[in-house]
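Chain by chain, the residues:
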Amino acid sequence: MDLDHIDLAVVRELQADGRLTYETLAQRVGLSRPATRARVQRLLEGGGVRVVAVVHPAVRGLTASAHLSIGVRGPAGPVARAIAAMPEAPFVTLTAGGYAVMAELRTKGIADLDRAIERVRCLPGVDVVDPLISTRHLKDPYLLAGEPAVTELDETDQLVLRELEADGRLPFAELAERVGLSAGAARARTLRLLDGGVAKVLALVRPELLGLGILCGFAVRVEAERDEVAARLADRDQVSFLSSCMGRADLVGTITVESLAAIRTAIEDMRAVKGVRTVESWVHLELIKERYEDPAANEGQAG
C-alpha cells in the first residue's frame, strides 16, 4: 500500500486519537468529510492499519511481563507461531541475531509468568529461553501513562471494551446495539472508560507504511544510575519502546527506523550515551503477532 502525505497525516492523527470524528479529522488534514472517510476506509481495508482500543494491563490484572529471547533447533517459524497461539503472548517476531525468536509475555502475576515461560521452554524446537523480567515500562506507544482512574468495571464495561478492542471506530449506535444500551448510554460508558485511563483507542500501523520499515531490538547494561540512562535513551525519537528489566540486561527496547544504516547510527549513538556499558541488538525480520486484546477473549488468535 502506497501512502501519500495526506494518508500519512491521517494515520498520525489516528495514532494519537483513533476515535477522532471524520469532521475533526477532515479539518486537521485539509480534506472534505467524505474524502477523509474514504481515506480512512481505504487504509483500514488495506490491512496495514488497524484502529483498536488498547486496554491498560492493570485493568485485566496483567501485572507481570517479560521479554523472551528464544533459541531454536531447526526452523524458527513453527516455534514463533506456537508462541503466538498462547494468549499470554501479545507480541512475537522472527529475528536476526543471537536468537531466532523474540516474544513478549503478559500475565496475572509472577507465578503465572513463570508457568508461561516454562510452557515456552517445553515447546518442540525450543533450545533455550533467556527471559528479561520487566520491572517498569518507561516508554510504550500503546500503554497509557499512570494507573487507571476508573477501577470498578461491571460486565457491560467489559463488553464495551471488547467491542472496541476489535474495532476502535465502532459507531456509538452500533456499539449500543451490541452491548444492549442506548446510544447515549454507550457513548457515556465509552467516554468514562477512555477519560478514566482504562483504555486508549489508537491506530496500530505497520512501520513500513510510515517509511520506518525496520524494527531493531536492543538490550542495554548500564554502569551508572539506571533511571538517568533510561531517561537519556527514552528521549531519542528512534526509541519507540523502553522498559527496565531484570536479567542479563538492565534495559530492553525497540528502535524504529527506515534503514540498516539508520540502525547502525542509532546503535552507535546509544553506545556513546553516558552510563551505557554495553548494547546488544537484533533485527526483527517478520512480525508474527501484535495483538493487545483481552487474552481470555482471544485465546489462540495470532497474526
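Values in this document were obtained by computation on a predicted structure and should not be read as measured data. (Residues numbered from 1 in each chain as written. Predicted model: local features only at pLDDT ≥ 70, side-chain atom pairs only at ≥ 80, totals over all residues. Heavy atoms only, no water.)

Caption draft 1: Expanded view of the side chain of Thr 107. Tracing the backbone shows Thr 107 in strand E4 (residues 101-107). Residue class for Thr 107 comes out buried when judged on its relative accessible area of 3%. If near-sequence neighbours (up to four positions away) are discounted, Thr 107 is found in contact with Gly 61, Leu 62, Thr 63, Ala 64, Glu 88, Asp 112, Leu 113 and Ala 116. (Helix = DSSP H or I, 4+ residues; strand = E, 2+ residues; numbered from the N terminus. Buried < 20%, exposed > 50% of the residue type's maximum accessible area, 1.4 Å probe, protein only. Contact = heavy atoms within 4.5 Å.)

Caption draft 2: Main features of the pattern of salt bridges. The final tally for this structure, using the stated rule, is 22 salt bridges. The partner of Arg 136 in a salt bridge is Asp 227, with the nearest N and O atoms 3.0 Å apart. With Arg 136 in strand E5 (residues 126-139) and Asp 227 in helix H9 (residues 226-234), this residue pair connects regions lying 91 residues apart in the sequence. A salt bridge links Arg 178 to Glu 174; the shortest N-O distance between them is 2.6 Å. (Salt bridge = Lys/Arg side-chain N within 4 Å of Asp/Glu carboxyl O.)

Caption draft 3: Region of interest: helix H10 (residues 260-271). For H10, with twelve residues, the first-to-last C-alpha span of 17 Å sits near the 16 Å given by 1.5 Å per residue. Where H10 is buried, its residues touch strand E7 (214-222), H9, strand E8 (239-246), strand E9 (251-257) and strand E10 (276-290). (Expected span 1.5 Å × (residues − 1).)

Caption draft 4: Seen up close, the sheet that holds E4. Strand order in the closed barrel made by the eight strands is E2-E4-E3-E10-E7-E9-E8-E5, with antiparallel pairing throughout. Between one strand and the next, the sheet's axes are offset by a mean angle of 35°, whatever the strand orientation. As defined by bridge partners, strand E3 (residues 91-96) adjoins E4 across four bridges and the pair is classed as antiparallel. By the bridge assignment for E4, Thr 93 is matched with Met 102. Across the sheet, helix H4 (residues 77-84) is in contact with strand E2 (64-72), E3, E4, E5 and E10; its angle to E3 comes to roughly 165°. This element, H9, spans E5, E7, E8, E9 and E10 of the sheet and lies at about 165° to E8. (Pairing = 2+ DSSP bridges. Axes fitted to C-alpha atoms, helices over the stretch in contact; angles between N-to-C directions.)

Caption draft 5: Layout of the nonpolar core. With 31 residues, the main nonpolar core has Val 10, Leu 14, Leu 25 and Leu 175 as its most contacted residues. Elements supplying a minimum of two residues to this core: helix H1 (5-16), helix H2 (22-29), helix H3 (33-45), strand E1 (49-55), helix H6 (155-166), helix H7 (172-179), helix H8 (183-195) and strand E6 (199-205). Counting residues per element, this core draws most heavily on H1, which supplies five residues. Val 10 has contacts with Leu 25, Val 29, Val 40 and Leu 43, leaving out every residue within four places of it along the chain. Within the second largest apolar cluster, 25 residues are counted, among which are Ile 70, Val 79, Ala 103 and Ile 133. (Core = buried A, V, L, I, M, F, W, Y, C linked by side-chain atoms within 4.5 Å.)

Caption draft 6: Representation of helix H5 (residues 110-121). Given a rise of 1.5 Å per residue, twelve residues ought to cover 16 Å, and the 16 Å separating the end C-alpha atoms of H5 matches this to within 8%. Among all positions in H5, only Leu 113, Ala 116, Ile 117 and Val 120 are buried. Seen along its axis, H5 keeps its buried residues to an arc of 100°; they face one direction. (Arc of directions from axis to C-beta.)

Caption draft 7: Spotlight on the layout of surface pockets. Taken as a whole, the largest pocket spans an internal volume of roughly 1000 Å³. As for the largest pocket, its lining consists of 45 residues, of which Phe 91, Pro 141, Tyr 142, Leu 215 and Glu 290 are closest to the centre. Of all elements in the fold, only E2, E4, E5, E6, E7, E8, E9 and E10 reach the threshold of two or more residues within the lining of the largest pocket. Examining the composition of the lining of the largest pocket, we find that six residues originate from one element, E10, more than from any other. (1 Å grid on protein atoms, 1.4 Å probe; cavity = no way out; pocket = protein on both sides within 12 Å on 5 of 7 lines; lining within 4 Å. Points joined across faces, edges and corners; volume = space filled by probe spheres on them.)

On their own, these measurements won't tell you what the molecule is for.
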